[in-house]
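# Geometric and topological summary
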Amino acid sequence: MSLLDVSDLSVRYEPKSHRPLDAVQHVSFSIEAGEFVGLIGESGSGKTTLGTALLRLLQRPGRISAGSITFDGTDITHLHEDELRDLRWRDISTVFQSSMNALNPVTRVEAQFRDVIEQHSRLRGEAVTTRIRELFDMVIIDHRFISAYPHELSGGMRQRVNLALALALEPKFVLLDEPTTGLDVVVQHSILENVRRLQAEQGFAVLFISHDIGTVLDLSDRILVMYAGRIVEEQPAAALLRDPLHPYSKGLLGSYGDPRAETVRITYVPGRPPDLSLEIRGCSFAPRCPERIARCTEVDPPLLPMAAGRAACHVAQLQRDEGGAGEHGEPKRTFDGPQFVKTAEESTQALRGDVVLTVDHVSKVFTRRRGLTVQHTEAVTDASFVLRKGEVTALVGQSGSGKSTLARMITGVDSPTTGRIVFHGPNGDQEVAGFRGRSLRDYRSNVQMVFQDPYSSINPAKRLGYVLARPLANYHGLKGDALRDRVEELLETVALTPADRFVNRYGYELSGGQRQRVVIAKALAVEPDIIVADEPISSLDVSIRAEILELLGGLVQTKDVGILYITHDLLSARMLADEVIVLNNGRIVEQGQTLAVIRSPQDAYTRTLIEAIPNPF
Amino acid sequence: MTTTPAKDFMAEGDSAQALTLEQVSDAGRPDRWWEVVWSSRKARVGVVIVSVYVIVAVFAPLVAPHDPLDSTFTPLAGASGDNWLGTTTDGRDIASQLIYGSRISLLVGLFGGLLATIISLVIGMVSGYAEGTIVDDILSFVTNVALVIPALPLIITLVAYSEVRGVWLIVFVIAITSWAGGARAKRAQIITLRNRDFVTAAKFSGESTTRIIFREIMPNMSSLVAAAFVGAATGAIGAEAGLAVLGLGDSQSVSWGTMLYQANAQGAITQGLWLWVFVPGLVLAILITGMSFINFGVDLLSNPHLREDA
């Protein structure tokens with residue numbers, strides 16, 4: 001008997017004013033004691049709903065509509081809340097996605113640990129304090145933070161505290177729901193190392209939910225792939241990497257490449273998951289599937305034992321039945337979708353473009369007055385570099401390294417304390433810090449921005465046509481038909497075709513990738529010389545990141561625009577950038593051609609960043 | 001850089017065509033605002049009540065049996081087929097006064113609420129958007145002063161000293177004494193919205209500050225504005241009636257407040273003329289209840305979590 005047995009579980013959302021939808025459909029799997037199981041899928045695939053259902057934390061209008069969850073021999077599907085309370089945290093605990101909200105902001109960390117420990121164990125007083133110290137040692141946090149409030153901890157520390165809290169009572173099962181989303185790669189890497197070590201030492205079972213197949217493959221023994229509310233593949237991690245069965249798994253695997261290679265290819269899965277409130281005929285992945293055959297659009301593939309695990313795919317099944325010799329050919333390892341290729345040679349050429357912006361010995365000091373003392377924080381120290389037309393420059397560093405401050409100075413939001421930023425525009429050389437009011441507005445027709453979060457950078461109350469028309473009306477004075485034609489042209493440029501289907505849409509009707517493309521179209525509208533892209537892919541699913549990289553890469557070629565690409569992830573910098581600038585604590589520690597920097601990093605910090613890239617291969 | 005956006009599988013045949021088409025969901029479309037308001041039972045009751053009042057007010061000349069100022073009836077008559085609710089001490093028809101009175105109340109409610117909302121919008125939005133600057137300091141100071149000044153004595157003074165005492169004066173006085181709370185709420189709301197990326201994006205599109213505030217940000221808080229309007233209108237109706245009861249109303253027209261004032265002045269209660277006192281108060285109370293009910297529905301607009309319980 002397994003530790004956790006889920007059989008035929010379905011979760012149904014029945015909102016009052018919408019069509020009901022089955023977010024989780026007939027899911028069956030089990031987790032053995034001490035096993036590390038990964039659950040991957042893109043946003044909207046139902047993985048968080050499944051996790052919530054396992055914890056019995058579903059809220060109206062969601063409910064478990066069928067199936068059962070058996071934990072350690074007890075059926076907890078319909079267990080009463082009072083009995084659940086004994087089980088929760090002592091046997092089943094969890095680390096939620098947002099480290100910000102999971103800790104009570106008005107209570108000291110110690111009290112939150114004490115609460116949990118005293119509720120579920122006989123430890124009191126000094127014994128509890130000792131246990132808390134042990135737990136802090138486990139997650140490698142200094143003891144002085146025990147009496148801190150959550151806001152005094154950094155994001156990474158907070159998530160470690162959550163992890164320690166989850167392990168406080170030595171549970172048998174821990175659910176990790178994207179515990180590192182929103183943290184930068186270095187922190188993510190160290191937290192996951194921590195999880196892996198603790199799991200090996202203490203032997204609790206884990207269900208690790210993530211959209212990032214790289215981290216999941218790194219950690220898990222066995223992997224469940226979820227798509228449109230169903231498990232479409234289940235295999236041991238090594239087998240999944242060697243021989244993925246479902247085309248969707250192949251698509252997810254394709255989002256990783258080796259940054260050190262001369263030529264890097266990454267693929268992405270175009271389109272978006274189906275609307276689960278509508279009836280789906282055939283395989284739910286068929287519309288996005290490059291291996292689709294006629295049968296896929298007719299018959300829903302069942303989850304059958306295959307290779308080292310289970311998969312729900314007609315093609316994979318036929319290929320294996322025929323032994324690779326029949327009409328469906330050999331099983332493929334790769335996803336035949338659109339791909340994005342970057343070669344080393346292109347970068348060499350890009351470094352010959354005209355310089356459009358010079359950052360010359362720039363420093364930025366923030367002063368903060370607190371009572372009688374004045375605090376100086378140096379966010380950027382003596383930074384110098386240039387941006388060229390037709391070139392992508394990546395600014396790489398952890399959060400707090402000063403990369404956003406640099407971006408703010410380049411876009412004219414802040415001005416440098418010392419040093420100069422000079423824009424070599426059509427009106428000769430101008431210092432950016434001197435722009436105010438009218439001239440700042442004019443400067444921004446040359447410098448545009450792409451934001452991190454595509455969900456908040458499109459006005460939810462406006463149609464896309466309006467969003468894209470505004471910069472054109474303001475800077476180019478376009479009106480009427482000319483304006484409409486140009487808007488449609490922009491939508492076509494970012495591959496939102498046919499354009500007339502998108503003009504009257506609202507931002508929230510699009511997927512994250514589509515939204516980010518609209519934001520890029522808006523930045524392109526005024527034909528700027530420089531686009532500052534502030535982590536444009538970090539809030540998108542790993543599986544669709546290449547889509548945005550490909551678009552940005554193509555624009556540099558065709559529009560001769562210079563891109564300043566700000567990121568904490570060296571892999572994406574490798575895919576897009578010709579030159580890379582590594583920033584640590586406000587100081588440029590390394591600068592050079594991307595491939596050269598990645599292959600032979602000179603600085604210790606650059607090496608840390610490179611090591612933090614999840615590398616499943 | 002070589003990009004291969006479409007491999008061969010995408011180019012072949014009809015079924016592959018569907019793949020290259022960008023898929024857009026329609027499930028994410030939120031409900032229309034009237035659907036949301038109507039989905040609440042309380043709001044439905046409120047809408048029906050207020051609609052009845054509006055219809056009666058608009059068609060008052062058709063609905064009312066007599067001219068409200070016609071004093072040719074027998075004074076102090078009881079309820080009868082001719083005078084549905086009896087007559088006053090000076091021989092006017094109470095039912096007709098009541099029906100015509102709804103016009104004043106709704107007029108003051110509509111325009112008083114509208115004016116107060118507009119003032120609070122302009123002051124609250126501008127000061128919130130300019131948070132931390134001298135503009136915000138000045139506007140916040142004005143708002144705070146307006147909040148702490150006792151409204152009723154101010155209204156009484158303003159009305160008592162003004163030369164004309166028409167409906168529009170009442171509307172104006174009510175509006176300028178009741179906008180402050182709304183301005184505060186809108187200032188708080190815009191502070192949460194103004195740091196969103198779409199506002200920065202609008203700056204990069206070269207939008208003017210006025211346009212950013214009123215065209216980009218305001219549509220995102222329309223439910224708050226609507227709720228504030230309904231609240232302000234409710235308050236204005238109550239304030240108008242209150243003023244009229246105190247004898248500060250428009251003496252040329254009939255409203256529920258002036259009816260109560262007359263009734264009180266003529267000692268209606270001591271004479272046992274219950275209908276005269278009771279009925280204007282009752283219709284006023286029902287109207288205000290109806291408007292409060294509508295606000296339950298408007299609340300659902302700004303807080304989708306409430307929709308499941310409605």
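For clarity, every value in this text was computed on a predicted model and none was experimentally measured.

## Points about the overall build of chain B
Regarding its fold elements, chain B presents 15 helices and 1 strand. Here chain B, with 310 residues, has 42% of them falling under the buried criterion. Long-range contacts, defined as pairs at least 24 residues apart, comprise 67% of the intrachain contacts of chain B with a sequence gap of at least 6. Of the roughly 15,100 Å² of accessible surface on chain B, 65% is carried by carbon and sulfur atoms.

## Observations regarding the side chain of Asp414 of chain A
Residue and element names in this part refer to chain A. Position of Asp414 relative to the elements: it lies in the loop between helix H13 (403–410) and strand E18 (418–425). Within the local environment of Asp414, its side chain forms a polar contact with the side chain of Arg408, the two groups lying 3.2 Å apart. Asp414 has contacts with Lys364, Phe366, Arg408 and Met409, leaving out every residue within four places of it along the chain.

## Concerning the environment of Ser277 of chain A
All names here are of chain A. Note that Ser277 resides in the loop between strand E11 (263–267) and strand E12 (304–306). Ser277 gets classed as buried once you look at its relative accessible area, which sits at 16%. Note: C-alpha distance between Ser277 and Lys559 (282 residues apart in sequence) is 41 Å. For Ser277, the residues in contact, after removing those within four places along its chain, are Arg19, Pro20 and Leu21. Only 3.2 Å separates the side chain of Ser277 from the side chain of Arg19, close enough to count as a polar contact. A polar contact of 2.8 Å, which involves the side chain of Ser277, links it to the side chain of Asp275.

## Overview of helix H14 (residues 256–265) of chain B
Residues and elements named next belong to chain B. When we look at burial in H14, the residues that qualify are Trp256, Gly257, Thr258, Met259, Leu260 and Ala263. Among the structural elements, helix H4 (41–58), helix H6 (94–129), helix H13 (222–245) and helix H15 (274–302) are those in contact with the buried residues of H14. Of the residues trailing H14, Gly267 is marked for its positive phi of about 65 degrees.

## Quick look at the confidence of the model for chain B
All names here are of chain B. Taken over all residues, the pLDDT of chain B has a mean of 82, while the share at 70 or more is 88%. Within chain B, helix H7 (residues 134–148) carries the highest mean pLDDT (94), whereas helix H1 (residues 8–11) carries the lowest (36). Taken together, the stretch residues 1–21 has pLDDT below 50 and engages in 39 contacts with residues farther than four places along the chain or on a different chain. The ipTM for the predicted assembly is 0.78, set against a pTM of 0.81.

## Digging into the sheet that holds strand E9 (residues 222–227) of chain A
Residue and element names in this part refer to chain A. Read across the sheet, 8 strands follow the order E6-E7-E8-E3-E9-E10-E13-E12 without closing on themselves; strand pairing throughout is mixed. For this open sheet the edge positions go to strand E6 (92–95) and E12, each flanked by a neighbour on one side alone. Pairwise comparison of adjacent strand axes, ignoring direction, gives a mean angle of 25 degrees for this sheet. Relative to the sheet, helix H6 (residues 155–166) contacts E6 and strand E7 (173–177), its axis offset from that of E6 by approximately 180 degrees.

## Details of the pairing of E18 of chain A
All names here are of chain A. The pairing of strand E15 (residues 355–370) with E18 spans 5 bridges and is classified as antiparallel. Bridge pairing links Leu357 to Phe423 in E18. Bridge count for E18 against strand E19 (residues 428–431) is 4 bridges, and the pairing is antiparallel. Bridging from a neighbouring strand, His424 pairs with Asp429 of E19. Hairpin connection from E18 to E19: 2 residues lie between these consecutive antiparallel strands.

## Overview of the sheet that holds E15 of chain A
Residue and element names in this part refer to chain A. One open sheet holds the 4 strands; their spatial order is E16-E15-E18-E19, and the pairing between them is antiparallel. Strands at the two margins of the open sheet, each flanked by one partner only, are strand E16 (373–388) and E19. On average, each strand axis in the sheet is inclined to that of its neighbour by 25 degrees, with strand direction left out of account.

## Brief notes about the packing of H6 of chain B against H15 of chain B
All names here are of chain B. The N-to-C vectors of H6 and H15 enclose an angle of 35 degrees; their axes lie 11 Å apart at closest approach. For the element pair H6 and H15, the recorded crossing hand is right-handed. Contact residues: Ile94, Leu98 and Leu106 in H6; Trp276, Val279, Pro280, Val283 and Leu287 in H15. Here the contact of H6 with H15 is built from residues that sort into 8 nonpolar, no polar and no charged.

## Some words on the packing of aromatic side chains
Per the counting criterion, the structure on display carries 12 aromatic pairs over all chains. Centre to centre, the rings of Phe113 of chain A and Phe136 of chain A are 5.5 Å apart; their planes meet at 55 degrees, and the pair counts as tilted. Note that Phe113 of chain A is positioned in helix H4 (residues 109–120) and Phe136 of chain A in helix H5 (residues 126–138), a separation of 23 residues in sequence. We classify Phe136 of chain A as buried; its relative accessible area is 1%. Each ring, one from Phe293 of chain B and one from Phe296 of chain B, has its centre 6.2 Å from the other, and the planes form 50 degrees; the classification is tilted. With a gap of 3 residues between them, Phe293 of chain B and Phe296 of chain B both fall in helix H15, about one helical turn apart. Given the relative accessible area of 39%, Phe296 of chain B is considered partly exposed. Site record: aromatic cluster; members linked through ring pairs are Tyr227, Tyr248 and Phe285 of chain A.

## Observations regarding empty space enclosed by the protein
Residue and element names in this part refer to chain A. Scanning the entire structure with this criterion turns up 6 cavities of 30 Å³ or more. Space inside the largest cavity adds up to approximately 90 Å³. Sort the elements by how many residues they give to the lining of the largest cavity and helix H7 (residues 185–202) lands first, with 5 residues. A class-by-class count of the residues in the lining of the largest cavity yields 3 nonpolar, 3 polar and 3 charged.

About the thresholds
Residues numbered from 1 in each chain as written. Chains lettered and ligands numbered in written order. Predicted model: local features only at pLDDT ≥ 70, side-chain atom pairs only at ≥ 80, totals over all residues. Heavy atoms only, no water. Helix = DSSP H or I, 4+ residues; strand = E, 2+ residues; numbered from the N terminus. Buried < 20%, exposed > 50% of the residue type's maximum accessible area, 1.4 Å probe, protein only. Contact = heavy atoms within 4.5 Å. Areas by Shrake-Rupley, 256 points an atom, 1.4 Å probe, with all protein chains shown as cover. Polar contact = N/O pair within 3.5 Å; in protein donor to acceptor, adjacent residues only side chain to side chain. pLDDT = per-residue confidence, 0-100. Pairing = 2+ DSSP bridges. Axes fitted to C-alpha atoms, helices over the stretch in contact; angles between N-to-C directions. Left-handed = near helix turned anticlockwise from the far one by under 90°. Nonpolar A, V, L, I, M, F, W, Y, C, P; charged D, E, K, R; others polar. Phe/Tyr/Trp six-rings, centres within 6.5 Å; stacked < 30°, edge-to-face > 60°. 1 Å grid on protein atoms, 1.4 Å probe; cavity = no way out; pocket = protein on both sides within 12 Å on 5 of 7 lines; lining within 4 Å. Points joined across faces, edges and corners; volume = space filled by probe spheres on them.

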